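Topology and contacts: notes
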Amino acid sequence: MRIDIDAFIKSLPIMGIGLLGIFIVTLVIIIGIYVLRALTAGKPDTENKNESASDIKEKADSSTKKESAMDLMEEREKKDFLETDKDFYISSDL
């Protein structure tokens, strides 16, 4: 098998233009995502400007009491495990 070096050298500019096109399209997609994110971002809630410090603290405390996603997943796995253990018994009368 013979490699034609001249053909390879002649094809390099074509490959470079193709690679440049890929980068340009990628940049256009990234910029489009940033623009869409900026346009669709939620507006800050301006209705509750008169909240007291205690109200803000209560909201912060209530948000920290929530379980994490990992805790909820572990709880569900335990529940599923316990439920499937009952399926292995043929009868409770035996």
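If you're wondering where the values come from, they're calculated on a predicted model, not measured in any experiment. (Residues numbered from 1 in each chain as written. Predicted model: local features only at pLDDT ≥ 70, side-chain atom pairs only at ≥ 80, totals over all residues. Heavy atoms only, no water.)

1. With respect to the overall build of the protein chain
- Of regular secondary structure, the protein chain possesses three helices and zero strands.
- Mapped from its N terminus to its C terminus, the protein chain presents α and β elements in the order α-α-α.
- The burial tally for the protein chain puts 0% of its 94 residues in the buried class.
- Total accessible area on the protein chain is roughly 9,600 Å²; 64% of this is exposed by carbon and sulfur atoms. (Helix = DSSP H or I, 4+ residues; strand = E, 2+ residues; numbered from the N terminus. Buried < 20%, exposed > 50% of the residue type's maximum accessible area, 1.4 Å probe, protein only. Areas by Shrake-Rupley, 256 points an atom, 1.4 Å probe, with all protein chains shown as cover.)

2. Concerning helix α1 (residues 5-40)
- With 36 residues, α1 should reach 52 Å at 1.5 Å per residue; the first-to-last C-alpha distance of 52 Å fits that figure.
- The sharpest bend along α1 reaches about 30 degrees and sits at L12, with the proline P13 one to four residues further on.
- Counting buried positions along α1 gives zero out of 36 residues, so the element sits mostly on the surface. (Expected span 1.5 Å × (residues − 1). Bend = angle between axes of the 7 residues up to and from the residue.)

3. Observations concerning the confidence of the model for the protein chain
- Averaged over all residues, the pLDDT of the protein chain is 77; the fraction at 70 or higher stands at 59%.
- Per-element averaging of pLDDT across the protein chain places helix α2 (residues 53-64) at the bottom with 60 and α1 at the top with 95. (pLDDT = per-residue confidence, 0-100.)

4. Section: a nonpolar patch on the surface
- A cluster of nonpolar side chains, contributed by L27, I30, I31, Y34, V35, L36 and L39, occupies part of the molecular surface with about 730 Å² of accessible area.
- By the element assignment, Y34 lies in helix α1.
- The class of Y34 is exposed, set by a relative accessible area of 53%. (Patch = residues over 30% accessible without salt bridge, like charges linked within 9 Å, V, L, I, M, F, W, Y side chains within 5 Å. Salt bridge = Lys/Arg side-chain N within 4 Å of Asp/Glu carboxyl O.)

5. A closer look at a negative patch on the surface
- Judged by side-chain charge, E67, D71, E74, E75 and E77 come together as a negatively charged surface patch.
- Judged by relative accessible area, which is 40%, E74 ranks as partly exposed. (Lys, Arg positive; Asp, Glu negative; His and termini not counted. Charge placed at Lys NZ, Arg CZ, Asp CG, Glu CD.)

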